[in-house]
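Secondary and tertiary structure notes
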Amino acid sequence: MAQFIKANEVPELIKDGMTVFLDGFVGIGIPEEVYIAVEKSFLEKGTPKNLNIMFAAGFGNSKTGTGLNRFAHKGMIKRVIGGHWGLAPNLGNLVNSNDIQGYNFPQGVIAQMFRDIAANKPGTISHVGLGTFVDPDLQGGKLNSITKEDIVEKLHLNGRDVLFFKGQKGDIALLKGTTSDCEGNISMEEEPLTLETLSIAMAIKNNGGKVIVQVKKKLEEGYIQPKEVRIPGILVDYVVVAENPENHKQTLLVDYNPEYVTRKNEAPSIKEVAKLDERKIVARRCAMLLNRDQKILNYGIGMPEMIANVLNEEQQEEYFIPTVEPGAIGGTPEGGLNFGASIYPRATVDQPYQFDFYDGGGIDAAFLGLAQCDRNGNINVSKFGPKIAGCGGFINITQNAKSVVFCGTFTAGGLDVEVKDGKLVINQDGKIKKFISDVEQITFSGDVARQNNKKVIYVTERAVFELTKDGVVLTEIAPGVDLEKHILNQMDFKPIISENLKLMDERIFRDEKMGLVL
C-alpha cells in the first residue's frame, strides 16, 4: 500500500549519492512540485547532493528554471546520462566546467534502456548511434574530459556491428500521473503522454528502490479500473498529491486541454493561414516531397512543425498520420513548449514502444531540423561550441526512417528574406554559415546513410540538395536567387551541381494556397 506524503517530505527519501531516474518530455510529465521541494532542500540544507540522474528526453523551460533546471546546481549532481540537454542549459554549463560527468545517448535508446533495466538485462543492444558521436570509435557519448567510464561498446553480432549500452541501477524514481486510488494505482487520463513511466517504475522497484509519483488528485472512494491503471500500485511507494495547481499542469503552458487526450473523427479544421516567410517556404517545399504512399510521418521540433500547418492549409493533412517520438500517433502535433502533445491524436503508446516502431523502420518519411551540414552530408544538431543541445530522438529517427528530409534556413543569425513578385529576395544573409566543411559533432552520418542507400534531402528557403553516392548535390534553387552570390559564396564547401539544376516550384513563392494535391 503506497503512502501519501507531502512534497517537502520527498528530499528525506533521497540520500546523497543516489541514482535518480527522471521522466518528462519538454513540458509534459514533469512532477514540478516534487522537483521544487528537492531543489529547495539542496539550496537550503545542502542535501541531497552528488546525485546521478538519468533521463531520456529533455524537459523544462530554461527561462523559468523548471524541470531539469532544478537539478542544475554545482554539487547537487555528480553524473548525468541524458538524451536531450537543450532545455536545461545550466546542466551543459556544469559539463563544460568539468563539474559533473555527462553522457549524451539517443533518446530512444535510453527509453529502451529503462525497460531493459526493469528486466534486469545486462544492457541494451541497438544499431542506433553507429557512425555518430555516440559510437565508441568517435566519442562514445562522453561530453567532457572527466567522463571516463565506457558505458557503450561496439559488438559484432550476426554479421553486423551494433552498440551495447550498459545497464544502470537506480534508487529513486520521480514520476507524474493524474489520479491515484488508495492502493497507489496511478491513472494518466489527463496526461498527453505516458512516456516510460511504467518502465522506470519497474526498473526502480526491481532494484529495491523507491518510486514516488506526483498526482493531481486522490480517489477518496473506490479504485481505478484495471485497464485505466498505467502504473500499478505494487510499483508505487509514495504518492504526492500536488497542492499548487501551477505545479501540476498538463504542459508547461497549458492547465488542461481535452484536445490532447481526445480522439476526433472529423477531418481537421483549417487553421489560421501562416504568413509567407522563410519557415513557410521551407515547409511548403518539404510538403511537396510527400505522396499518399508515405502515410506515417515524423516531424522534429522547430522548423519541421510548420509542415503540419502547410498540409492543413492545403487540406492534405487527413491523408497522413504524423507521429511524435514520445508516443503520440495521429492528430496534429503541437509545437514550442507544448511539443510532444498532439491535437486529437488517434492513439498514444509508451515511448520505448514508439522507438521500437521507429527503429524497425516504421516511419515512411521524417522531417528534422538542419543546424549544420558538411561536405560528407553529415548533420550536427547536438553541439555548437560550448552549447550542448543533445541528440534527443534525432539519431533514432534519421537512421531508421525510410526517407529523411533535413530542413532549415540556409544561414542563421540575422537572416532577412522576403517574397516579391514570386521571387525570393535576400535582404540580408545570416552571419552564421550552416553548410560547413566539417560539422562540430556528427549527429547524423552521411557515410552510414550512403551505405544503407537511404534517401536524404536537404531543404532550405533558397536551395535543395540531395545526398548521393558521389556527395552532396545541389538540385534546385529559388527564383530570384543568384547561384554564386547567395549559395556558393555562403558555403564552406562546393557541392556537386546537378546537370539538371531546376528552379524551385513557383507556387511556393505565392501568397495564395498552392493547390497542393499529394
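For the structure itself, look to the data block above.
First, a word on what this report is: a plain description of the structure on this page. Note that the structure is predicted; figures quoted are calculated from it, not measured. (Residues numbered from 1 in each chain as written. Predicted model: local features only at pLDDT ≥ 70, side-chain atom pairs only at ≥ 80, totals over all residues. Heavy atoms only, no water.)

Glancing now at the sheet that holds strand β2 (residues 19-22). Read from one edge to the other, the open sheet built from 8 strands follows the order β1-β15-β12-β9-β2-β3-β4-β5, with strand pairing classed as parallel. Each having just a single partner strand, β1 (3-5) and β5 (101-104) make up the two edges of the open sheet. Taken pair by pair, the neighbouring strands of this sheet meet at an average axis angle of 20 degrees, ignoring direction. Lying on the sheet, helix α3 (residues 107-118) is in contact with β2, β3 (51-55) and β4 (77-82); it crosses β3 at an angle near 110 degrees. (Pairing = 2+ DSSP bridges. Helix = DSSP H or I, 4+ residues; strand = E, 2+ residues; numbered from the N terminus. Axes fitted to C-alpha atoms, helices over the stretch in contact; angles between N-to-C directions. Contact = heavy atoms within 4.5 Å.)

Time to look at the state of the cysteines. By the definition in use, this model includes 0 disulfides. C407 provides the cysteine sulfur closest to C373, a residue in no disulfide bond, and the two sulfurs are 13 Å apart. Its relative accessible area of 0% is what places C373 among the buried residues. C407 takes part in no disulfide bond, and the closest cysteine sulfur to it belongs to C286, at a distance of 4.0 Å. (Disulfide = S-S within 2.5 Å. Buried < 20%, exposed > 50% of the residue type's maximum accessible area, 1.4 Å probe, protein only.)

Next up on the list: helix α4 (residues 197-206). Listed in full, the buried residues belonging to α4 are T197, S199, I200, A201, A203 and I204. Where α4 is buried, its residues touch β2, α3, β9 (172-176), β12 (210-215), β14 (229-231) and α7 (351-359). Two residues or fewer after α4 comes G208, characterised by a positive phi angle close to 80 degrees.

Turning our attention to the pairing of strand β29 (residues 416-420). The side chains of a regular strand alternate, first on one face of the sheet and then on the other. In the sheet, β29 pairs with strand β30 (residues 423-428) via 5 bridges, with the strands oriented antiparallel. Along β30, the bridge assignment pairs E418 with V425. Between the antiparallel neighbours β29 and β30 lie 2 residues, among them D421 with a positive phi of about 55 degrees.

It is worth spelling out the packing of aromatic side chains at this point. Here a ring pair, both rings aromatic, is described through the centre-centre distance and the interplanar angle of the planes. For the structure shown, the criterion picks out 17 aromatic pairs. Judged by centre distance (6.4 Å) and plane angle (50 degrees), the rings of F357 and Y358 are tilted. In this structure Y358 comes out as buried when scored by relative accessible area, which is 0%. Between F406 and Y458, the aromatic rings sit 5.7 Å apart at their centres with planes inclined by 25 degrees, giving stacked as the arrangement. Here F406, found in strand β27 (residues 403-407), pairs with Y458, found in strand β32 (residues 455-459); they are 52 residues apart in sequence, far enough to count as distant. Residue classification places Y458 among the buried positions, given a relative accessible area of 0%. An aromatic cluster of three or more residues is present, and its members are Y35, F55, F59, F71 and W85. If you follow K216 out to its NZ or CZ, it ends over the ring of Y256, 5.9 Å from the centre. One Lys or Arg, R292, reaches over the ring of Y319 and ends 3.4 Å from the middle of that ring. (Phe/Tyr/Trp six-rings, centres within 6.5 Å; stacked < 30°, edge-to-face > 60°. Lys NZ or Arg CZ within 6 Å of the ring centre and 35° of its normal.)

This part covers the sheet that holds strand β10 (residues 179-180). The strand order across the open sheet formed by 4 strands is β13-β10-β11-β14, and the pairing between neighbours is mixed. On the outer flanks of this sheet lie β13 (217-218) and β14, each paired with one strand and no other. Pairing analysis gives 2 bridges linking β10 to strand β11 (residues 186-187), with the strands arranged antiparallel. Counted as the bridge partner of S180 is I186 from β11.

A few words on helix α6 (residues 305-313). Three- or four-residue spacings in an α-helix give side chains the same orientation, since the helix completes a turn every 3.6 residues. Here α6 lies mainly inside the structure; 8 of its 9 residues are buried. What α6 keeps buried is the set E305, M306, I307, A308, V310, L311, N312 and E313. Each element contacted by the buried residues of α6 is listed here: α5 (278-287), β16 (296-299), β19 (332-333) and β22 (365-369). Just downstream of α6 lies Q315, where phi reads positive at about 55 degrees.

This next bit is on the packing of α3 against α7. For the pair α3 and α7, interaxial distance at closest approach is 8 Å and the crossing angle is 125 degrees. Between α3 and α7, the angle falls in the class oblique. The two elements α3 and α7 meet at a crossing, and its hand is left-handed. Along its contact with α3, which presents Q107, G108, A111, Q112 and R115, the element α7 presents Q351, P352, Y353, F355, D356 and D359. In terms of residue class, the contact of α3 with α7 is built from 4 nonpolar, 4 polar and 3 charged. (Parallel < 35°, antiparallel > 145°, perpendicular 65-115°, else oblique. Left-handed = near helix turned anticlockwise from the far one by under 90°. Nonpolar A, V, L, I, M, F, W, Y, C, P; charged D, E, K, R; others polar.)

On their own, these measurements won't tell you what the molecule is for.
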